[in-house]
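Below are the chains, spelled out letter by letter.
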Amino acid sequence: MLVVRVGLASATPRFRELPRLINLPDQEVARLAQEGRVRVEWVEG
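Criteria and cut-off values
Residues numbered from 1 in each chain as written. Predicted model: local features only at pLDDT ≥ 70, side-chain atom pairs only at ≥ 80, totals over all residues. Heavy atoms only, no water. Helix = DSSP H or I, 4+ residues; strand = E, 2+ residues; numbered from the N terminus. Buried < 20%, exposed > 50% of the residue type's maximum accessible area, 1.4 Å probe, protein only. Polar contact = N/O pair within 3.5 Å; in protein donor to acceptor, adjacent residues only side chain to side chain. Contact = heavy atoms within 4.5 Å. Salt bridge = Lys/Arg side-chain N within 4 Å of Asp/Glu carboxyl O.

*Asks:* Please provide a residue-by-residue account of the side chain of Arg 5, values included.
*Replies:* Assignment of secondary structure puts Arg 5 in strand 1 (residues 2-6). With relative accessibility at 19%, the residue Arg 5 sits in the buried group. Side-chain polar atoms of Arg 5 contact the backbone oxygen of Pro 19, separated by 3.2 Å. Polar side-chain contacts of Arg 5 include one of 3.2 Å to the side chain of Glu 41. Excluding residues that lie within four positions of it along the chain, Arg 5 makes contacts with Phe 15, Leu 18, Pro 19, Leu 21, Glu 41 and Val 43.

*Asks:* So what's going on with the pattern of salt bridges? Residues and values would help.
*Replies:* When charged atoms on two side chains of opposite charge get close, those side chains can pair. With the rule as written, the count across this model stands at six salt bridges. With its nearest N and O atoms 3.1 Å apart, the salt bridge here joins Arg 14 to Glu 17. Pair noted here: Arg 14 and Glu 17 are both in helix 1 (residues 12-17), with a separation of three residues, about one helical turn. Its salt-bridge partner being Glu 41, residue Arg 39 comes within 3.0 Å of it at the nearest N-O pair. Using a relative accessible area of 26% as the deciding quantity, one classes Glu 41 as partly exposed. A cluster of three or more residues bridged by salt bridges with shared partners is formed by Glu 28, Arg 31, Glu 35 and Arg 37.

Without other data, these values stay purely geometric and don't point to any function.
Laid out in structure tokens, this is it:
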């Protein structure tokens, strides 16, 4: 599962509290997207 977190700049401190994300090669991102294994999360400040 690929989790993409988005939010406003005011949420920057909250991002620091969340588990770190790792870099994935473009091919892996494309594969996960094709399999429908991408989740987008909105991070509140």
